[in-house]
Amino acid sequence: MTPRLAVLGPAGTFSDIAAQQYLRQQQLDWQLTYYNSIDQVAASVQAETEYALLPLENTLDGYVQNTLAILSYAELQVVGEALVPVRFSLAANAADLASIKRIYVQFKTKGQCGRILAQLPQAERLTTESNMLSFNKLQTAAHGDAAIIPQFHLAELPDTFLKLADVTDTTENYTRFIVVKKQTAALQQVQPWQQDFRALCYITPHTDRAGLLSEILQEFVQRHLNLISIMSRPTRRELGHYRFFIEIGGQAGQSPVLADALAQLAQRHHVKYLGSFSR
């Protein structure tokens, strides 16, 4: 049976582009299955599909908090990543910016196109689950409707529309996606990489005290593992209690060192290893 990869749809989203790119690079013949939200994409791995692609991080807007939340509770293992450039355009059934009455914009796109949105104080902002849904709203747009859409879809709209070709806040804008499967990664089974790799984990301390976070991070530092990033997330049990999402950069041959660091931390804290992938 052909493996299925769940993707935020409909077809034509940046998620779709990332999925197509990942399959080409890995030379995989998987079937793409589209869903309407990130939550639905992640939930599908539990029942319908074997793999899912989730947006993890954007150059301008940082980590995708919904994805971080999903990784904290779902039984998923990260097995790969894809990086795609992201450029946005504005299109409107209007003569000028002042005539725009409402604008459709995907929830993460808002943080990547802040400058153009600041020029539309009169426009009602309607948040969508995907950029393609924003684009689809323009197919039946009333006068005054607008949307921020992927740049490559701009030519598909009528010539009578107002079109601004590039409204992205910077030219260096990328979104990083991860591919996950339904399986918890074992601390004792860090994949042996013979090239540079990234690894992800959640660490939830059992107690709270001064210097605790420093001690956690030192387990990686003293083993010469590169700490790429750390994000605190609420445990949802008590106000002020947090778990830490950590991304680690390793070099060829450092997989056993990472496994040792995680094993040591697991003796004192709850460690959820999310998996690793080559760079």
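Here the structure is a predicted model, which means the values were calculated and not measured.

**Observations concerning the pattern of salt bridges**
And then number 1: In this structure the tally under the stated criterion is 15 salt bridges.
And then number 2: Arg209 serves as the salt-bridge partner of Glu215, at 2.8 Å between the closest nitrogen and oxygen.
And then number 3: In this structure, the salt-bridge partner of Arg268 is Glu219, at a minimum N-O distance of 3.0 Å. Of the two residues, Arg268 sits in the loop between α7 (255-266) and β15 (269-278) while Glu219 sits in helix α6 (residues 212-221), which places them 49 residues apart along the sequence.

**Considerations on the packing of helix α2 (residues 38-47) against helix α3 (residues 65-73)**
And then number 1: Their axes nearest at 10 Å, the elements α2 and α3 cross at an angle of 25°. With respect to each other, α2 and α3 are oriented roughly parallel. As for how α2 packs across α3, the hand of that crossing is right-handed. Each of Ile38, Asp39 and Ala42 in α2 lies in contact with α3, whose residues at this interface are Asn66, Thr67 and Ile70.
And then number 2: Residue composition of the contact of α2 with α3, by class: three nonpolar, two polar and one charged.

**Here we look at the packing of aromatic side chains**
And then number 1: In this structure the tally under the stated criterion is six aromatic pairs.
And then number 2: Relative to Phe88, the ring of Phe14 lies with its centre 5.5 Å away and its plane at 80°, an arrangement referred to as edge-to-face. In this pair, Phe14 is assigned in helix α1 (residues 14-26) and Phe88 in strand β6 (residues 88-92), connecting sequence segments 74 residues apart. We note that Phe14, like Phe88, is buried.
And then number 3: On the numbers, 4.1 Å between centres and 15° between planes, the contact of Trp30 with Tyr51 is stacked. Separated by 21 residues along the polypeptide, Trp30 in the loop between α1 and β2 (31-35) and Tyr51 in strand β3 (residues 51-58) bring together distant segments of the chain.
And then number 4: On the accessibility criterion, Trp30 (15% relative accessible area) is buried.

Rules used throughout
- Residues numbered from 1 in each chain as written.
- Predicted model: local features only at pLDDT ≥ 70, side-chain atom pairs only at ≥ 80, totals over all residues.
- Heavy atoms only, no water.
- Salt bridge = Lys/Arg side-chain N within 4 Å of Asp/Glu carboxyl O.
- Helix = DSSP H or I, 4+ residues; strand = E, 2+ residues; numbered from the N terminus.
- Axes fitted to C-alpha atoms, helices over the stretch in contact; angles between N-to-C directions.
- Parallel < 35°, antiparallel > 145°, perpendicular 65-115°, else oblique.
- Left-handed = near helix turned anticlockwise from the far one by under 90°.
- Contact = heavy atoms within 4.5 Å.
- Nonpolar A, V, L, I, M, F, W, Y, C, P; charged D, E, K, R; others polar.
- Phe/Tyr/Trp six-rings, centres within 6.5 Å; stacked < 30°, edge-to-face > 60°.
- Buried < 20%, exposed > 50% of the residue type's maximum accessible area, 1.4 Å probe, protein only.

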